[in-house]
Amino acid sequence: MRAASTREMKTLAEKYIHFRNTDETSAFCGSFDVNLGYFAKYCPVTLSIRDEALRISGEDAETEICAAAAESVLSLIRAGKTPDEVAIRYAIDAAKGGEEQEARSLASDCICITQKGKPVSPKTVGQKRYIKTIEQNTITFGVGPAGTGKTYLAVAMAVKAFKAGVVSRIILTRPAVEAGEKLGFLPGDLQNKVDPYLRPLYDALFDFLGAESFSKLQERGSIEVAPLAYMRGRTLDESFIILDEAQNTTREQMKMFLTRMGFGSKIVVTGDVTQIDLPVGKVSGLIEATRVLKNVDDIGIVRFTEKDVVRHKLVQDIIKAYDRYYEEGKIKRHE
C-alpha cells in the first residue's frame, strides 16, 4: 500500500478512481510515488493506492476537487502523456475553478510534433483558447505573463501551417530594445548584435525543425528571423508572421508592423505588458493596439493569467506577488 497524507481532517468524505491496469496505476503514481506527493502538496487530502484504485479521503470540497483533478490527469495518461508537477498543479487549479471538463479535453489536443518526436499540446485552458483564436483569426494578440507559452505555441502553429502548405514562409521578429546595454558596444556586425534578442525564436524553431533543417530553410528564404526594423517598407504575402516581445514596440512601430500584412498571411503578436523596457513617457504599441483593435473583426485578443504559467510554481507565485503589489498602488503599471 502506498500513501501520502497531509493535515488531520475534520469532516471526511471518500472518492475512488479506478485504473484499467497496472501500467495506468504506475503512470499515475509516478516514479517513487512522486505524483501522489504532488497531489498531497497542492490539495489537503489523503491518498492511497490499493487493488488498482486510488482512494481519496478528506474534507468534502477538497475530496471533490482532488477527484476531478485525478480524472483529468488520468485522461492525460490515457492519451499517452506523462503527467508532471505542472500538469497536476494545473489540474487541481482547474478543478477549483470549475474548469475540470475543459482541462480534461486538453489530453486529446496536439498541435504538432517536435524534431525529437515529442507531441506539443496546450497545457491549460488559456493556451487552448489561444490556439483556437489563432486558427480562427487572421491577427491574434497573445498578452500575458512570462511562462505562459505565448511564443512557443505561436511558433508551433507557424510550423504547422508551413508544413501543411498553408503559408510559404515563416517570419519571426522582435524589437531590439536596449535594456541596460547599448547595441553599439556589443561585438560583431549588426546581425551579431541583434542575434541575442532573437535567440528565443531560434530556440523554438530548432525544437520543431532541427538545426540543419532550419539552416536550409533559412538559406532558401522560407524562414526569416529578423529585428522589427527590417520589416519597414515590405508587403508580406502568404506568410505566418510572429511579432514577439511586442510590449517594447512604440505605437509607430506597431502600426508599421500590422500594415505589412499581405494576402494569405497570418499574424500573431505576443507580449507581456508588465515587462516594458521602453523609455519613460513612451506609449507601448501593444497596449495601444489591443485597445484600438479590440472590436475589429478577424482580430482576436487572448489574455493569459498566472493560471496559464507552465513553468516552476515559483514563477506563478512571483506574478501573483507583483499583481498584489500593483493593486495596492505601490508600483505603477505602464499605461
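Residues numbered from 1 in each chain as written. Predicted model: local features only at pLDDT ≥ 70, side-chain atom pairs only at ≥ 80, totals over all residues. Heavy atoms only, no water.

Caption draft 1: The arrangement of a nonpolar patch on the surface in detail. Where nonpolar side chains cluster on the molecular surface, the patch consists of L314, I318 and Y322 and spans about 310 Å² of accessible area. For L314, the location among the structural elements is in helix α12 (residues 313-327). (Patch = residues over 30% accessible without salt bridge, like charges linked within 9 Å, V, L, I, M, F, W, Y side chains within 5 Å. Areas by Shrake-Rupley, 256 points an atom, 1.4 Å probe, with all protein chains shown as cover. Salt bridge = Lys/Arg side-chain N within 4 Å of Asp/Glu carboxyl O. Helix = DSSP H or I, 4+ residues; strand = E, 2+ residues; numbered from the N terminus.)

Caption draft 2: Region of the structure containing the packing of helix α6 (residues 125-136) against helix α7 (residues 150-163). Between α6 and α7, whose axes approach to 11 Å, the crossing angle comes to 40°. Judged on the interaxial angle alone, α7 and α6 are oblique. As α6 runs across α7, the sense of the crossing is right-handed. For the pair α6 and α7, the contacting residues are Q127, Y130, I131, I134 and E135 in the first and K150, L153, A154, M157 and K160 in the second. When its residues are assigned to classes, the contact of α6 with α7 shows six nonpolar, one polar and three charged. (Axes fitted to C-alpha atoms, helices over the stretch in contact; angles between N-to-C directions. Parallel < 35°, antiparallel > 145°, perpendicular 65-115°, else oblique. Left-handed = near helix turned anticlockwise from the far one by under 90°. Contact = heavy atoms within 4.5 Å. Nonpolar A, V, L, I, M, F, W, Y, C, P; charged D, E, K, R; others polar.)

Caption draft 3: Molecular detail of the sheet that holds strand β12 (residues 299-303). Read across the open sheet, the six strands follow the order β9-β8-β10-β11-β7-β12; overall the sheet is parallel. Single-partner strands in this sheet number two, and they are β9 (223-227) and β12. Strand-to-strand twist in this sheet, taken as the mean axis angle between neighbours without regard to direction, amounts to 15°. On top of the sheet, α6 reaches β7 (139-143), β10 (239-243), β11 (266-271) and β12; it is set at about 170° to β12, its chief contact. Contacts between helix α11 (residues 285-292) and the sheet are confined to β7, β11 and β12, with β7 contributing the most and set at about 125° to the helix. (Pairing = 2+ DSSP bridges.)

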